[in-house]
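What the coordinates show
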Amino acid sequence: MPQETYEPRLAESLTPVATNGEPWFLPGSSPAMRGIQRVVTEIAPTDLPVLIAGEHGTGKEVLAVHIHRLSSRREQAFSKLTCAALSLETLQKFLVGSNGNGSHHGWNGGTLYLDEVADLDPACQSAVLEYLTAGEASQGGSAPSGRIICSTTQNLEERIRSGKFREELYFRINGVGLRLPPMRHRKEDIPTLLEFFLRKSAAYFGRPQPVLSPWATQVLQEYAWPGNVRELENVVRNIVALGDEELGLADLQRAGHALPPRDAGPTGTSLKEASRAASRRAERELMLKVLTRTHWNRKMASKELQISYKALLYKLKNLGLEDTAES
């Protein structure tokens, strides 16, 4: 199997993240992504703290690793702390060590990534602020130097106003603010991302890179992607792993997204044919919504749709949904 490039993963409270191999950053030519790439090029070589905001799955950790790999600290560790599961004891042990004799055995530089910094409890917020303040005030390098990159899905300004986040800490970590756009605001990047993830997944599974059909490409272009880039990658990985576009897209159906039949759409200009195709798409979408709501309980769905159970089974088969229905 070919060697993998770095890919972020879920972490416990304290997880050092390997940075060997080539850097992995999400491609895109949308105006928002081009702007982010320009800023990153300028600030990556510095030690400015960075605050990355964005919805879940937009690639905040990927961007943090990319900044680290472009920095002068690329040969040092990239360490990740997951703030929601972080205790004060674990944080202090990581930052300053635990021997209590004045010598430093904790963080010795590199890049520290605080994932979901808004989830830091008040005690941990104070500890991070104290550490950063001491580092700035230290003389002769007695405090370790390093770079901090934070991420958040929450509005920190609102949390400051509600008294849940310390304003002083916000100003310390927000040296440069970057906001990653959700997929619904950068759909022009989908073709590039599809190619990127198809190539990556094919290399991972040791298979030839598949070529998506126009039908599958249309489905992926029109989908809203509530799970953002992470969801897109998972769907592409399923397509490559299963070797079947329809099976790979089944999760979108279970999420309530209606997949048009492969033969959807009129081939001529007949109004009657167009009406029939539109009716078929509407029927498929309604059935999928009801089936999803009833957790694919077909007896319950038939009652809600006010048709017989036998008629539902026939429609499932006729609309190409039979194989995706769950028992």
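Residues numbered from 1 in each chain as written. Predicted model: local features only at pLDDT ≥ 70, side-chain atom pairs only at ≥ 80, totals over all residues. Heavy atoms only, no water.

Turning our attention to the pairing of strand β3 (residues 78-82). Burial of β3 is extensive: five of the five residues sit out of reach of the surface. The alternating pattern of β3 places Phe78, Lys80 and Thr82 on one face and Ser79 and Leu81 on the opposite face, and all of these are buried. The pairing of β3 with strand β4 (residues 111-115) spans five bridges and is classified as parallel. Bridging across to β4, Thr82 finds its partner in Asp115. (Buried < 20%, exposed > 50% of the residue type's maximum accessible area, 1.4 Å probe, protein only. Helix = DSSP H or I, 4+ residues; strand = E, 2+ residues; numbered from the N terminus. Pairing = 2+ DSSP bridges.)

A few words on the environment of Ala241. Structurally, Ala241 can be placed in helix α9 (residues 228-242). Linking Ala241 and Tyr204, residues 37 residues apart in sequence, is a C-alpha distance of 9.5 Å. Excluding anything up to four places from it in sequence, Ala241 contacts Phe205 and Arg207. (Contact = heavy atoms within 4.5 Å.)

Put simply, helix α1 (residues 31-43) and helix α2 (residues 60-70) touch, their axes get as near as 9 Å, and they point 40 degrees apart. The two elements α1 and α2 cross, and the hand of that crossing is right-handed. Packed against α1, whose contacting residues are Ile36, Val40 and Ile43, the element α2 presents Leu63, His66, Ile67 and Leu70 at the interface. A breakdown of the residues in the contact of α1 with α2 according to their chemical character gives six nonpolar, one polar and no charged. (Axes fitted to C-alpha atoms, helices over the stretch in contact; angles between N-to-C directions. Left-handed = near helix turned anticlockwise from the far one by under 90°. Nonpolar A, V, L, I, M, F, W, Y, C, P; charged D, E, K, R; others polar.)

Our next topic: α1. Counted at 1.5 Å a residue, the expected span for α1 with its 13 residues is 18 Å, and the 19 Å between its end C-alpha atoms agrees. For α1, the set of buried residues is Met33, Gly35, Ile36, Val40 and Ile43. One side of α1 holds all its buried residues, which, seen down the axis, span an arc of 155 degrees. Structural note: α1 exposes Pro31, Arg38, Thr41 and Glu42 on the side pointing more than 90 degrees away from its buried face. (Expected span 1.5 Å × (residues − 1). Arc of directions from axis to C-beta.)

Right, let's get into the confidence of the model for the chain. Keep in mind that low pLDDT regions are not for reading the predicted coordinates in detail. Here the chain averages 80 in pLDDT, while 77% of its residues score no lower than 70. Confidence, expressed as mean pLDDT per element, reaches its minimum in the chain at strand β1 (residues 14-17) with 39 and its maximum at strand β2 (residues 50-53) with 97. In this model residues 139-143 is a low-confidence stretch, pLDDT under 50, and it forms three contacts with partners more than four residues away in sequence or in other chains. Here residues 265-269 scores under 50 on pLDDT; set against residues more than four positions off or in separate chains, the count is seven contacts. (pLDDT = per-residue confidence, 0-100.)

Under the definition given, this model contains five aromatic pairs. Ring centres 5.0 Å apart and planes at 85 degrees place the aromatic pair Tyr204 and Phe205 in the edge-to-face group. Judged by relative accessible area, which is 29%, Phe205 ranks as partly exposed. Centre to centre, the rings of Tyr223 and Trp225 are 4.6 Å apart; their planes meet at 85 degrees, and the pair counts as edge-to-face. (Phe/Tyr/Trp six-rings, centres within 6.5 Å; stacked < 30°, edge-to-face > 60°.)

Moving on, we come to the nonpolar core. Ranked by internal contacts, the top residues of the largest apolar core, which has 27 residues, are Leu114, Val117 and Ile173. Secondary-structure elements contributing two or more residues to this core are α3 (88-96), β4, α4 (122-137), β5 (147-152), α5 (156-161) and α6 (167-173). For this core, the leading source of residues is α4, giving six residues. Leaving out residues up to four positions away in the same chain, Val117 has contacts with Leu51, Cys83, Cys150, Ser151, Thr152, Leu156, Phe165 and Ile173. Listed in part, the 25 residues of the second largest apolar core include Leu26, Phe197, Leu220 and Val229. (Core = buried A, V, L, I, M, F, W, Y, C linked by side-chain atoms within 4.5 Å.)

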